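# Architecture at a glance
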Amino acid sequence: MSEDLLIAKISHGFDHLDADGDGLLTEQDHVLMGQSVARSLGHPAGSPQEKRVVDAYLTIWREVHLPQLPDGARAMRRAQFLESTAALADDPAAAEAALGGLARAFLAVADADGNGVVDQDEFFLFQRGHFPQLRRVDADTAFAHLDRDGDGALSPAEFVTAIVEYWTSSDPQAPGNWWTGSPQGNPDPTTL
């Protein structure tokens, strides 16, 4: 069951990372995700703020995903994504290196006011850029699970831990399972 949970979370994540829905994870998907998040955060198309967000997503493509591909390849299929991401669960150092870097890049984007933490509104706007159907009530519930110290903000450590846990934990009770708005992307958490 717990390995099934991990694969379900990774698969759900792939569905949303594949922004153009072609079954491949590419550089263009990262551009589209960056644009979507920038719009959700209120940055106009073509603005310097949008460019900063898109550049952060392109850095993720170059530093996290592209190194997983064979030389010359420019796209990652679902099966390869599932395999390479699931392998991180068995290698905490590799998970921290790959996913920690991704999380810190996301944190720089999500922390719209630059105060060093992500509040509930910032979390919702950032996540809505990835998951357009995310309802505010679901984002708020997820935020409550991720805000481990209950102070009303996700510290850098809480933010990074949530992302690493989402992509690597097979524990059904892990708070990071809520990263996408509900455990493993399932709108009915009672079915877990």
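In this report, we go over the structure that sits alongside the text. (Residues numbered from 1 in each chain as written. Predicted model: local features only at pLDDT ≥ 70, side-chain atom pairs only at ≥ 80, totals over all residues. Heavy atoms only, no water.)

With that out of the way, let us pick up the overall build of the protein. Counting secondary structure elements, the protein contains eight helices and four strands. Along the protein, from the amino end to the carboxyl end, the secondary structure elements read α-β-α-α-β-α-α-β-α-α-β-α. Taken over the C-alpha trace, the protein has a radius of gyration of 16 Å; the compact-globule value for 192 residues is 16 Å, and the two agree within 12%. Here the C-alpha coordinates of the protein stretch approximately 45 × 45 × 30 Å along the principal axes. Relative to its full complement of 192 residues, the protein shows a buried share of 47%. Accessible area of the protein: about 8,900 Å², with a carbon and sulfur share of 53%. Taken as two groups, the 13 positive and 30 negative side-chain charges of the protein have centres that lie 6 Å from each other. (Helix = DSSP H or I, 4+ residues; strand = E, 2+ residues; numbered from the N terminus. Rg over C-alpha atoms; globule rule 2.2 N^0.38 Å. Buried < 20%, exposed > 50% of the residue type's maximum accessible area, 1.4 Å probe, protein only. Areas by Shrake-Rupley, 256 points an atom, 1.4 Å probe, with all protein chains shown as cover. Lys, Arg positive; Asp, Glu negative; His and termini not counted. Charge placed at Lys NZ, Arg CZ, Asp CG, Glu CD.)

Our next topic: the packing of aromatic side chains. All chains considered together, the criterion is met by nine aromatic pairs. Here the aromatic rings of Phe 126 and Phe 159 are separated by 6.2 Å at their centres, their planes lie at 55°, and the arrangement is tilted. Taken together, the positions of Phe 126 in helix α6 (residues 120-130) and Phe 159 in helix α8 (residues 156-168) put the pair 33 residues apart, joining distant regions of the chain. Ring geometry for Tyr 166 and Trp 167: centres 5.1 Å apart, planes at 85°, overall edge-to-face. Overall, Tyr 166 belongs to the buried group, its relative accessible area being 0%. Taking the relative accessible area as the measure of exposure, Trp 167 reaches 10% and is therefore buried. Aromatic ring contacts, followed pair by pair, group Tyr 57, Phe 106, Phe 123, Phe 126, Phe 143, Phe 159 and Trp 179 into a single cluster. (Phe/Tyr/Trp six-rings, centres within 6.5 Å; stacked < 30°, edge-to-face > 60°.)

Looking now at the side chain of Ser 40. Relative to the assigned elements, Ser 40 resides in helix α2 (residues 27-40). For Ser 40, the side chain forms a polar contact with the side chain of Arg 128, separated by 3.2 Å. Ignoring anything within four residues of it in the chain, the contact list for Ser 40 reads Leu 125, Arg 128 and Gly 129. (Polar contact = N/O pair within 3.5 Å; in protein donor to acceptor, adjacent residues only side chain to side chain. Contact = heavy atoms within 4.5 Å.)

What follows covers α6. Looking only at α6, the buried set comprises Glu 122, Phe 123, Phe 124, Phe 126, Gln 127, Gly 129 and His 130. Put simply, Asp 119 is the residue that caps the front of α6, since its side-chain oxygen is 3.0 Å from the backbone nitrogen of Asp 121.

This model, assessed by the stated rule, comprises seven salt bridges. Between Asp 138 and Arg 135 there is a salt bridge whose closest N-O contact spans 2.8 Å. What you see here is one network of salt bridges that share partners, running through Asp 121, Arg 136 and Asp 140. (Salt bridge = Lys/Arg side-chain N within 4 Å of Asp/Glu carboxyl O.)

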